[in-house]
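Geometric and topological summary
The residues making up each chain are set out below.
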Amino acid sequence: MTEPSGETAPEAAEPAEDLQEGTTGAPAPAPDATEEPGTAEEPRSADEADAAAEGQAADAAGPAEVDAEDEAEGGAEVGAEGEAGGETAGDGEAAGGAEAAAEDQAVEAAEPAGAAEVGAEGRTAAEGEADAAAAAALSEAQAELAAQRELRARIEARKAEKGGPVAAGAKLSGTAADLLAAVRAVEGGAASGSTLYEAPDPAPRRPAPEAAPAVTVRPPAPVRAPAPAPGTTAAVREVLAKSGAPEALAGHVAATLGEGAAAALLDDPWQLLTVPGVRPEQADGFARALLGPACGPDDPRRTVALTVWILDRAALQGHTALEIQAVRAGLAGHAVPDPESAVEEAVAAGAVLVFQEESPEPEEHPEDGEAPEESAPEEPASPVLLGLDRYAMAEESLADALARLARTVTAAEWDGTELERAAGAHGLVLHTGGEASRAEPVALAAAARARGLRTLVAVHAEDGRRALGAAGEDAVTVAALLSGTAGPGRDEEGALALDLLVVLDAPQLDVESAAMLVESLPDGCRLVLSGDPGVLGAPGAGQVFTDVLAARVCPRIASRLPDPGPLGELVSGIGAGELNQVDAPGKEIVIVPVRDAGEAVHRTVQLVADSVPRAIGVPSEQTQVVTVGHGGSAGTRALNTALKQRLNPGPGRFGGYDVGDRVAYAPAPGRTVTGTVLSADAEGLRLRCGDEAVLVPRERVESELRHGWALTAHQAAGTRWPAVVVVLPGDAAGGLSRPWVYTAFGRAERHLSVVHGVDQALPRAVAEGVAPERTTRLRPLLETLLAVPEE
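Throughout what follows, the structure given in this document is the object of discussion.

The rules behind the values
Residues numbered from 1 in each chain as written. Predicted model: local features only at pLDDT ≥ 70, side-chain atom pairs only at ≥ 80, totals over all residues. Heavy atoms only, no water. Helix = DSSP H or I, 4+ residues; strand = E, 2+ residues; numbered from the N terminus. Buried < 20%, exposed > 50% of the residue type's maximum accessible area, 1.4 Å probe, protein only. Areas by Shrake-Rupley, 256 points an atom, 1.4 Å probe, with all protein chains shown as cover. Contact = heavy atoms within 4.5 Å. Pairing = 2+ DSSP bridges. Lys, Arg positive; Asp, Glu negative; His and termini not counted. Salt bridge = Lys/Arg side-chain N within 4 Å of Asp/Glu carboxyl O. Expected span 1.5 Å × (residues − 1). Bend = angle between axes of the 7 residues up to and from the residue. Polar contact = N/O pair within 3.5 Å; in protein donor to acceptor, adjacent residues only side chain to side chain.

**Here's the deal with the overall build of the protein**
Along the protein, the regular secondary structure elements total 28 helices and 19 strands. When the 791 residues of the protein are sorted by exposure, 54% land in the buried category. Element-wise, carbon and sulfur atoms account for 52% of the exposed surface of the protein, whose accessible area totals about 32,800 Å².

**Details of the side chain of Thr232**
Considering the arrangement of structural elements, one finds Thr232 in helix H7 (residues 230-243). Look at Thr232 and you get buried, because its relative accessible area is 14%. Apart from the residues lying within four places of it in its own chain, the contact partners of Thr232 are Ala254, Gly258, Glu259 and Ala261.

**Section: the pairing of strand S13 (residues 671-680)**
Note that strand S12 (residues 662-668) and S13 share 5 bridges and pair antiparallel. Residue Ala664 lies in a different strand from S13, and its bridge partner there is Thr674. Across 4 bridges, the pairing between S13 and strand S14 (residues 684-689) is antiparallel. The residue bridging Thr676 from the neighbouring strand is Arg688, located in S14. Hairpin connection, S13 to S14: the antiparallel pair is bridged by 3 residues.

**What about the side chain of Asp510?**
Mapped onto the elements, Asp510 comes out in the loop between strand S7 (500-503) and helix H19 (511-519). Despite being buried, Asp510 has no salt bridge partner; Arg390 is the closest side chain of opposite charge, sitting 7.2 Å away. In this view, Asp510 contacts Ala538, Gly540, Ala541 and Val544; residues no more than four positions away in its chain are not counted.

**Some details on helix H22 (residues 597-616)**
In this model, H22 (20 residues) spans only 25 Å end to end at C-alpha, well below the 28 Å of a helix rising 1.5 Å per residue. A maximum bend of about 50 degrees is found in H22 at Leu607. Burial within H22 is extensive, with 15 of its 20 residues counted as buried. Of the residues flanking the start of H22, the one acting as N-cap is Asp596, its side-chain oxygen 3.3 Å from the backbone nitrogen of Gly598.

**Considering unusual backbone geometry**
Of note in the backbone geometry, Asp505 takes a positive phi value of approximately 55 degrees without being a glycine. In this fold, Asp505 is placed in the loop between S7 and H19. Positive phi, close to 55 degrees, is recorded for Lys587, a residue that is not glycine. Looking at the secondary structure, you find Lys587 in the loop between helix H21 (565-575) and strand S10 (589-593).

So, in structure tokens, the structure goes:
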């Protein structure tokens, strides 16, 4: 996510997230190497040895971070929690990739913001700056979140206007007994999933505007999200103190539960599980302290909260729903005596929703005089799924909005490429291809603009605009478009004033962002989703691009434009499942074999700081390190520690950061932006992210910022750098898959160095490794709404 559990101290000892023990080895190096002859054999100096040792401190004390994308490459199943029961804040140990996903996105809740020093230290660093003007500016993250809340309210209002229940995703109605009977009937096969909900008739669409409005109306500037009232925080702190829980949690609890948080905790102590970073063991201890003997493992309040928590954890791995058996297994792993009854209790309370997609029944048309053929064996019924309301509404809103665009467009005959002709005739078009193919949808946008259409190109990351060259000057990021800080503005109905929207990097769209984006398009607008299906999926919940491709409800145009050069040849082969030997006369690809993780850290630092700038001509600030996970002896934390010591040593004066530090900023879940620390003052840290100046408030530094010389592949997706160093230590073998390798290797524009310590695990992952599947509902919803009638 993707990345971004309940430690009570900053940077508690953590497991090797996403890393499993694998076979280490030293494959033969490639003929070319970035180092000068003899470099690899030179003995290390004492300083270099110390630097390598420092780099292995994966869990050294430092500012904690929330990495919103939360790598799920470990591939562990969410339902079978795999947790070491009784894990505490002090040890932080967890097992498997599912634990890694949650650990990386955890808020280190019990410690106040690590940037407490920012205010005192930063005043000196920021002398002479226009503080009054800066204080009036809103951060990008706050503007985006406020705009998304406003847009979500508008979407829900439009849903309510349809006058009927939301298909397969509305709040449960009727008596609890009727509902539980329906659930049992579905599971037993006595009734179809349609008995649990009914799909409403399609609502009439608003007519397409006759002409573009002369003046578009932008939404009002979003206001800063209000902080919890001091009285609310104080009341929560008092409740936490009664149970011996860390009082530093009070601010997070008050922000999550809102006004009345203290009363909510007294009534249901397990509401503490809704706070990011809090684990079931901690919530159980809190409940025992408040309730005493009245607290039991089968308490309905506990089982409902655990059910919701399991589904929330599944969302970190990309699932919008889970099979009911997986949820029951997860509950059993947390000592729930009767998981089946616990699920029924959660359903009856309306905390989770039940779904079962109907499978179409085959039609039989025997010819006259012919004996009917033997009936084929019946296919198993679709599994019963459980999901949360927020993701159910997002998927259903997205499916409905996509169907609306497909039905309301006025078909036209456009001359030009295959993509242009398809876009002229259809409201929804998919385009697939590698990096070079991005030029095709951009050319489509230019041609549509020449036809007089209001056209816009949206990309995932700010770097995507740079990669488009001159054509990227008019492009915007999806986040900026949704927040209203960029784009064409909106008409009087709140829809974006567009006739054609082209979205690049579409695989990085999570279901909630995609729903808000597509719902914002007016009737008759054309939508082109373009991207590379081989890359890692969105860091948030859902797999929008994959599901729409699989549904086969609209034209799909595959680019025939290959990526050029040795790097393009290598990445194209990986996409086909082959790790080919590629000639790289210009040292475009270099393999650096290592024996262990300590050597991997040392060689990575040497490559970034010396070899790549000297031999390739790419400076260190334009070289990005990509590794498998955050923890471990060669994860992002260890690598960032070693790289900071070499490239920008300092005491971390400002909440663990120094001016000149390279950072990864996560302004919202699923978004990671790289930048550089410029200064600090009483308000927080000031960054330079691309061409934009960003202020990270001091209270958000700990949760939204981390050092960024090294990233995970999920964080790096959607962005490219002139040079990339991919680090594959021996314990990373279990986290490798073909999409991971394809994504990591594809981030390089001019040069790729591979610090290789996984022996045969790399070619095996390329040939056989598949990313863990995500459980979603968008595909069947689209197939139902846009089913093509048989001739």
